[in-house]
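# Residue-level structure breakdown
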Amino acid sequence: MGALTKGRYLSMTGLLILVYCTASVISKGATGDAQPDALPSVQGTLPHFIQEPEDAYIVKSNPIKLRCRAAPALQIFFKCNGEWVHQNEHFSQEYKDLNTGLKVREVMINVSRQQVEDFHGPEDYWCLCVAWSHLGTSKSRKATVRIAYLRKNFEQDPQGKEVPINGMIVLHCRPPEGVPVAEVEWLKNEELVSSLTDDNIDTRADHNLIINEARLSDSGNYTCLASNIVAKRRSATATVIVFVNGGWSLWTEWSPCNVPCGRGVQKRSRTCTNPAPLNGGAFCEGMSVQKITCNALCPIDGGWDEWSEWTVCSSQCERQRSRECNSPAPRHRGKMCEGNSEATENCTDGLCTQSMDGSNDIALYSGLGAGIIAVAILVVAVMLYRKNHSEYGVDVIDSSALTGGFQSFNFKTTRQGNPLLLNSSMQPDLTVGRTYSTPLCFQDSTDKELFDPLPDIKVKVQSSFMVSLGVAERAEFHAKAPAETFPRDLSRDYCSTMDRRKKGLLTLNGPLSAGKEQLRTTGVFGHPGGRLVVPNTGVSLLVPHGAVAENMSWEMYMVINQGEASVQTLEGCEILLGPEVTYGPPGLDLFCPVAMTIAHCAEVDAENWNIQLKRRTQDSKWEEVMSVEEESTSCYCLMDSSSCHLLLDQPGSYALVGEPLTQAAVKRLKLAVFGSMEAGSMSYSLRVYCVDDTPHAFQGVVAAEKTRGGQLLEEPKMLPFRANTFSLQVSIQDVPQFLWSIKPFTTCQEFSFPQVWCSNQQPLHCAFSLERYSPATAQLSCKISVRQVKGHEQILQVYTAVAETEKESVPFFMQTDCTITSQTGPKAFKIPLSIRQRICATFDTANAKGKDWQLLAQKLHLDRNLGYFAKQRSPSAVILSLWEARHQDTADLDSLASALEEIGKIHSKSSPKDQDEPESDFNHIQAGSLCAAGELASEKTEDSAPEYTG
């Protein structure tokens, strides 16, 4: 026994002797004279513990306190691990219980961490209390003292899962070892999960989380949280994805037959929305569109029967006969018979015996004579006026002269601004205007062959006297006006008559007349692939890497058709939204589709437009390939605001055709004003162009103005033109009247609705001729207002110098870098080949967690018509080709790098155990994408001369 133990033993022996002696004295006192202040007698009662020591845990280095309280008790001492605690380590106090009058003694000791660590017994460190009274001793319960701790590592982390909707989810969790045993809670997206508020969740089974029927809302990041009095520990996050496999909706009703007469096609469709695939769920299998043939009954116009016999001559000396419209009767929307169904004639050869009122004849003949005299005077006045003003005319120019057609215009007077101001107070509306970012330029060797200046067409107008009398409301060309177009929801049946009126009026080509040279570009492509571009037209073709077999090459071409096409094969309400493009050769055999980009002029809205991709057949007819709103496995169509991106497998001629469904359908017009001074004269000509808002259509305008020496006076602007059948008015305003004169009746000119709506990429323009009063006038300031009746308006502000020596060429001709027509190999692509191959290898491989090409398409916003990608040999490669075509005008890879980085984060969260290998792939992809962006930027500045072909 050590010195300390021996000392404690001697102390406790003395203490026991003291206690024994004290008890004897008390006992004697009880039999002798009692003191007045003595405690009440409790004969036959042992000490009773009011408070016993409780189990305790030492946290870090903080000692714990053990307490005992007993009554009646003379002394209380602690005994730990079978040994008495030294008297000096006890802290005791004594007081009287007011209810019982008994003496209560309370004792406390401290137990340190060092004491517990130094104990090496077969059981835990323990302590109990021993209380003495005059009758004997009582012992308390044993209280254990343990050092509290909680390990860092979980014995089992929860694992991420992907489960179908309504499936069961079980997440296992075994918390770290600890004293006391850790309690487990579950967090979902950092919020506490409780089975008390959700009957579908059970967290009571061995620390596991059980979701009986998975819901979409159960998707999230789950964490197991273990805690005791020492610390809290978090497990690795487990990502739970509840996916939904796609299901087909019900078939729609069969559409009406697509032809008004004869053999046609009916369609019905269904969508993969019942339910739509979510969170990597499988896409629906099968076709989304079904087609059947139909036969529409052709209209039968009515025909007259034979006339009936004449009736008997009546008392009024007349007889009648009639006929009916029954040979045949009109059927199936056929026309009624033209003409009268009844006829009346005099049956006495004018010898009727009834009397006539002579006064009526006199009044009749007098009125006729007065009318004839008035008309004669009017004609003479008009002839004299026109003779005196024969030098005035209207210089109205229209591009329809290129195709042999004349168009009608309206001339109306307009209000003039303050004649003392050069600039009107009315400011131009700059909110609608827009210009192309694509450079427009031409090669000098072909400009004169491709484009001829548009001819001037002089038109005479009627005199102001006739206009004021209301004899003529407008001045017109003496030629047949084109048919008007109307959307299908208007009252006039334009669609049924358009086929008969189209011939000779509309062409499926650009702004050039028939017989002009085609815009053509060629290039030789091998296994590395490349890109074909028709400069300044918004048309390009991307041949992906690997599309051509190794050790092979194809000479490919792309043509924008300039010749007049057979528009009779188009349906009545359809118009051309962009140029007709052909690529070939016809026998082209590639391993993957090419990506073609075509600019268009439609404000894309599925509710107002029916936009289709059509292909020319061998007999020069147009057949539908697909509707841009439908899903197809034969080709892919992606509509952006100003361009259409196509994935095509079959060479041929393609065109984007639109059919307005409502009057709210809008196509964009590009407005531009050019000016030039007539040599050796005081006249200045302003020419206003209205053309479909595509680079190819505007190219014709620029070429024509180049031959005229025209100067662009204002940045071109965009005007939304609605399919509301109302005309387009062009007027000149705020011309300084003390400096310039303008010919009468030419301040306002008008294009009819069909001229503008069915222009089919051909420019329309009108001219205003102004004359200076003095050669010293060197500047011109005015406004050109272009507005659609009951539609939008755009203002072109003109402020220019008019001296002949200050003429400048059109700014668009100053570009020098747009003669590049083809690029081959890596320079043609923004994504480096190594990065592209790594992306394809990562996403084309099936992944149990759904991180495949469908997620790549979703993050790149190309997640419609997934059935087309699914049938490709490498879906990821086709998706990247479409991304290349869509972003060919941007010089960075930020969007692709961001998408890959986001996918990498999703992957790392869902698979924390497998981060070493898979996440490295994503990190390489992200790093490669960002590096590729830098490499492309450097190549822009250090690139050598590009390859020229074609």
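Quick caveat, the model's predicted, so the values are computed rather than measured.

## Describing the sheet that holds strand 3 (residues 64-71)
- The four strands are arranged 1-3-7-6 in an open sheet whose pairing can be described as antiparallel. The open sheet has two edge strands with one neighbour each: strand 1 (48-51) and strand 6 (91-96). Going from strand to strand, the sheet's axes swing by 25° on average, the running direction of each strand aside.
- Where strand 1 lies against strand 3, three bridges are found, and the strand directions are antiparallel. Within the sheet, the bridge partner assigned to Gln51 lies in strand 3 and is Arg69.

## Re the pairing of strand 40 (residues 666-677)
- The buried fraction of strand 40 is high, at twelve of twelve residues.
- Of the two faces of strand 40, the one holding Val666, Arg668, Lys670, Ala672, Phe674 and Ser676 and the one holding Lys667, Leu669, Leu671, Val673, Gly675 and Met677 are both buried throughout.
- For strand 40 and strand 43 (residues 717-722), the ladder comprises six bridges, and the chain directions are antiparallel. The residue bridging Val666 from the neighbouring strand is Arg722, located in strand 43.
- In this sheet, strand 41 (residues 683-692) lies alongside strand 40 in antiparallel orientation, the contact comprising nine bridges. Bridge pairing in strand 41 places Leu669 opposite Asp692.
- Linking strand 40 back to strand 41 in an antiparallel pair, the connection comprises five residues, with Gly680 at a positive phi of about 70°.

## Re the nonpolar core
- By size, the foremost hydrophobic cluster in this structure holds 70 residues, and its most contacted members are Tyr583, Leu648, Leu686, Leu728, Phe768, Ile784 and Val786.
- Excluding anything up to four places from it in sequence, Leu648 contacts Tyr583, Pro593, Val594, Met596, Leu613, Cys635 and Tyr654.
- Core analysis: the next-biggest nonpolar cluster, separate from the first, contains 33 residues, Trp853, Ile879, Trp883 and Ala885 among them.

## Some details on the environment of Leu541
- Counting through the fold element by element, Leu541 comes out in strand 30 (residues 539-543).
- Along the chain, Leu541 and Tyr557 lie 16 residues apart, while their C-alpha atoms are 9.4 Å from each other.
- Apart from the residues lying within four places of it in its own chain, the contact partners of Leu541 are Gly530, Arg531, Leu532, Met556, Met558, Tyr583, Val594, Ala595 and Met596.

## Remarks on the pairing of strand 7 (residues 103-111)
- Burial runs high along strand 7: seven of the nine residues are buried.
- Strand direction decides the pairing type here: strand 6 and strand 7, joined by six bridges, are antiparallel. Its bridge partner lying in strand 7, Ser92 is registered against Val107.
- The antiparallel hairpin formed by strand 6 and strand 7 contains six residues in its connecting segment, where Gly101 sits at a positive phi of about 75°.

## A closer look at the side chain of Thr239
- Mapped onto the fold, Thr239 is located in strand 21 (residues 238-243).
- For Thr239, a relative accessible area of 10% corresponds to the buried category.
- Polar contacts involving the side chain of Thr239 include one to the side chain of Asn221, which spans 2.9 Å.

## What to know about the sheet that holds strand 34 (residues 594-599)
- The sheet built from six strands is open, its strands ordered 37-38-34-30-29-50 with antiparallel pairing. Strands with a single pairing partner mark the edges of an open sheet, and in this sheet they are strand 37 (636-639) and strand 50 (822-824). Strand-to-strand twist of the sheet, defined as the mean angle between neighbouring strand axes without regard to direction, takes the value 10°.
- Here strand 29 (residues 530-534) pairs with strand 50 via three bridges, running antiparallel. Residue Leu532 lies in a different strand from strand 50, and its bridge partner there is Ser822.
- Along the sheet, helix 12 (residues 875-886) makes contact with strand 29, strand 30, strand 34, strand 37 and strand 38 (643-648), crossing strand 38 at roughly 150°.

The rules behind each value
Residues numbered from 1 in each chain as written. Predicted model: local features only at pLDDT ≥ 70, side-chain atom pairs only at ≥ 80, totals over all residues. Heavy atoms only, no water. Pairing = 2+ DSSP bridges. Helix = DSSP H or I, 4+ residues; strand = E, 2+ residues; numbered from the N terminus. Axes fitted to C-alpha atoms, helices over the stretch in contact; angles between N-to-C directions. Buried < 20%, exposed > 50% of the residue type's maximum accessible area, 1.4 Å probe, protein only. Core = buried A, V, L, I, M, F, W, Y, C linked by side-chain atoms within 4.5 Å. Contact = heavy atoms within 4.5 Å. Polar contact = N/O pair within 3.5 Å; in protein donor to acceptor, adjacent residues only side chain to side chain.

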